Protein chains: 2
Amino acid sequence: MAVTMYDVAARAGVSIKTVSNVVNGYRHIRPETKRRVEDAIAELGYKVNISARNLRQGRTGMIGLAVPEISLPYFAELADSVMRAAEARGFVVLIEQTGAQRDRELQVLASNHRRLTDGLLFSPLELDPEETHLLDVDYPLVLLGERMFGGPVDHVTMANVEASRAATAHLIERGCRRVAVIGAHPGETMGSAFLRLDGYRAALADAGLPYDPALVADAGLWHRSTGAAAMARLLDSGVEIDGVFGMNDALALGALHVLHTRRVAVPEEIAVVGFDDIDDARYSEPQLTSIAPGREQIARTAVDMLLERIAGVDVPPRRVVADFELVERESSAFGADVLR
Amino acid sequence: MAVTMYDVAARAGVSIKTVSNVVNGYRHIRPETKRRVEDAIAELGYKVNISARNLRQGRTGMIGLAVPEISLPYFAELADSVMRAAEARGFVVLIEQTGAQRDRELQVLASNHRRLTDGLLFSPLELDPEETHLLDVDYPLVLLGERMFGGPVDHVTMANVEASRAATAHLIERGCRRVAVIGAHPGETMGSAFLRLDGYRAALADAGLPYDPALVADAGLWHRSTGAAAMARLLDSGVEIDGVFGMNDALALGALHVLHTRRVAVPEEIAVVGFDDIDDARYSEPQLTSIAPGREQIARTAVDMLLERIAGVDVPPRRVVADFELVERESSAFGADVLR
DNA sequence: GGCAGTCGTTACAACGATGTAGAGTGAACC
DNA sequence: GGTTCACTCTACATCGTTGTAACGACTGCC
């Protein structure tokens, strides 16, 4: 059937180990021998059997990336960054979706695919922050995102609290006094929702503004639709609002949609800030001010950490917080410079 | 190091082949034996070594999916659908990005990863329609998208011409007489851009309307930004326009953005229709009328075809055209029902 | 000229699973 | 009562590669 090293070796008149050596770039080979082997490889169209190599080496050259949903823009862009970073280091990425379902997250951790990958980048949404024992696995693991940061594993995270604080402070500096926030997960004491709410409250406190629960809108899934629904609820409640902090861009874009529909001027009547700086933020109407959470840096750092673990580096669990940046656009601009 | 079948066999007091039989659900095993093996597996935490199984069986249980860019919404949603379809059939998907670069597309076809997957779903953008010989590969291959449909392989495609015709006809029915189209690739004689332009022209002809090249806007990459730029060019050109057909939703959404900025009423002054029905189409302002191209059906069909090829089905190349649907929303509605 | 060290190559075992062939039971059949 | 058959299990070879050990040839050095 398929061409193997034996075929190449026979054709080139050398041993299979020499073929292997050529394929793997072993130094000490006579140029003449190398040429003969390479010719034979080309003539026969030989390709290394990766399964055999994997078995022999005990590695697969693949890493897993488990995210809630690949079609959520943030995770699509994260996956993109991770794939590029991994590829640059000679690794392939196997993407898995958890659908933000607890049982699927558990499955991902224990699945057979773990024997197929050398390690896992895992962005959990539903696992309980206290279940850190679940993360005590026998393969290299690096966490992404905000949950369970007390766990026994490496963790790459964004500066949720600080960035939310900066986003909220930005609105306050622009003159907002009644800043609503969309995306809260009531009852949680960890995770992005909790942390971003924390940053929001900190900014209010910094400015000496009161915290008003009526300005906090829940949203389980962080989609445009839930953001739109939350914004509608806020408006219908009659509470006074002059600024909105969306815990992610999808929520904020959903909110923008409702504000537009209801003929509320943005940013004049209500200014809006999002979080994630997805590509769409540049193309909304008005363009959305957002927090760029350092996605490239997160991807690179996480891949590097994972590959270090795979290589056997044995140091205590590390935690990296990526740099963020507030990207100011129209949705929070004030005055004559609002529209070009 | 890792637990192998030998360890399990020793513990259960059976041969490794019996362990293998239990793991693989072989029928003729005494319940007592089966229990002992399963207990041993549980106690030792044994997991099958997939690399070894792959080597022995000559299959990997993985299929490749090569798309231009995972962060383009259409492809993110397609990847989602493909992963679900594959998973339901016991396969894992390995995603690769070509970045819509010709050399990367060639690479994907010849890459070592092909020995890692049992087959490939390939959505080419840049390969020349005449280079069908490039697709004469020695592994199962199913094409997605519109290019190279004369090739020697299975192909799953959307009804580009018919759907574009329907989209354009929809605008004409709504009263448009000067329908612009955004996304053309001048010089091409195949591919989505060519086909969708074809459908556009067919609809004009059906309605007895003239084809005016001044209404055709080129856009290499189908992004929001290029759609916005093309719309701006159309408006600046001074040509009369009362309808816009965006060859995909990103282009149409970019166009909407510009129309909004320029204070052009949609749909009253210019009606807009997109193509792909991505999630965002529901959340734009106004909501975007679009063509739903049958993504789920495409994913399911393509995966099924590929798995058939992998299983060895030997029939002539097949071509499947998915069903489409026009989803009417605000951007092409007329009259009092425009806004809720 | 002898010794050490490098170079180029080879033979062989090993990675961990599964396919094949067949051995040993016991039940069913004529 | 012997033959057949189904059942249960085992021994062994095998998938295609790479790591290890080792061998002969050559170089450089004293």
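Given the structure is predicted, the values throughout are model-derived calculations rather than measurements. (Residues numbered from 1 in each chain as written. Chains lettered and ligands numbered in written order. Predicted model: local features only at pLDDT ≥ 70, side-chain atom pairs only at ≥ 80, totals over all residues.)

Considering the interface of chain A and chain B
Here comes step 1: Across the boundary between the two partners, chain A contributes 32 residues, which contact 32 residues of chain B.
Here comes step 2: Elements with a contribution of two residues or more to the side of chain A that touches chain B: α4 (50-57), α5 (73-88), β2 (92-97), α9 (224-237) and α10 (249-261) of chain A.
Here comes step 3: Here the side of chain A that touches chain B is built from residues that sort into 15 nonpolar, 11 polar and six charged. (Contact = placed C-beta atoms within 7 Å. Helix = DSSP H or I, 4+ residues; strand = E, 2+ residues; numbered from the N terminus. Nonpolar A, V, L, I, M, F, W, Y, C, P; charged D, E, K, R; others polar.)

Some details on the environment of Thr189(B)
Residue and element names in this part refer to chain B.
Here comes step 1: On the secondary structure map, Thr-189 appears in the loop between β6 (179-184) and α8 (191-206).
Here comes step 2: Its 8 C-beta neighbours within 10 Å are what place Thr-189 among the exposed residues.
Here comes step 3: Spatially, the C-alpha atom of Thr-189 lies 9.9 Å from that of Asp-128, the residues being 61 residues apart in sequence. (Buried ≥ 20, exposed ≤ 12 C-beta atoms within 10 Å, placed from the backbone.)

Examining the protein's contact with DNA strand D
Here comes step 1: Contacts to DNA strand D come from 25 residues, most closely from Met5(A), Ser20(A), Asn49(A), Thr18(B) and Thr33(B).
Here comes step 2: Those elements giving two or more residues to the surface near DNA strand D turn out to be α2 (16-23) and α4 of chain A together with α2 (16-23) and α4 (50-57) of chain B.
Here comes step 3: No other element matches the five residues that α4(A) contributes to the surface near DNA strand D.
Here comes step 4: Its residues assigned to classes, the surface near DNA strand D shows 10 nonpolar, nine polar and six charged. (Near = placed C-beta within 6 Å.)

Here's the deal with the protein's contact with DNA strand C
Here comes step 1: Surveying the vicinity of DNA strand C reveals 26 residues, the closest of which are His28(A), Thr33(A), Thr4(B), Ser20(B) and Asn49(B).
Here comes step 2: At the level of elements, α2 and α4 of chain A together with α2 and α4 of chain B are the ones that each hand at least two residues to the surface near DNA strand C.
Here comes step 3: Examining the composition of the surface near DNA strand C, we find that five residues originate from one element, α4(B), more than from any other.
Here comes step 4: Residues belonging to the surface near DNA strand C are distributed by class as follows: 11 nonpolar, nine polar and six charged.

Some thoughts on the sheet that holds strand β1 (residues 62-67) of chain A
All names here are of chain A.
Here comes step 1: Strand order in the open sheet formed by six strands is β2-β1-β3-β4-β5-β11, with parallel pairing between adjacent strands. Either end of the sheet is taken by a strand with one partner, and the two such strands are β2 and β11 (319-322). Taking each pair of neighbouring strands and ignoring which way they run, the sheet shows an average axis angle of 20°.
Here comes step 2: Against the sheet, helix α11 (residues 295-310) contacts β1, β3 (119-122), β4 (141-144), β5 (154-158) and β11, and its axis sits at roughly 180° relative to β5. (Pairing = 2+ DSSP bridges. Axes fitted to C-alpha atoms, helices over the stretch in contact; angles between N-to-C directions.)

Some details on the relation of the copies chain A and chain B
Here comes step 1: When chain A is fitted to chain B, the residual RMSD is 0.1 Å, and the transformation amounts to a turn of 180° plus an axial shift of 0.0 Å. These values place the two chain copies in the arrangement generated by a two-fold rotation axis.
Here comes step 2: Interface overlap between copies: 100% of the residues of chain A at the interface are likewise at the interface in chain B, consistent with a symmetric, same-surface contact. (Least-squares fit on C-alpha atoms with pLDDT ≥ 70 in both.)

Examining the pairing of strand β3 (residues 119-122) of chain B
All names here are of chain B.
Here comes step 1: Neither face of β3 is open: one carries Gly-119 and Leu-121, the other Leu-120 and Phe-122, and all of them are buried.
Here comes step 2: By the bridge criterion, three bridges tie β3 to strand β4 (residues 141-144) in an arrangement that is parallel. Opposite Phe-122, over in β4, you have Leu-143 as the bridge partner.

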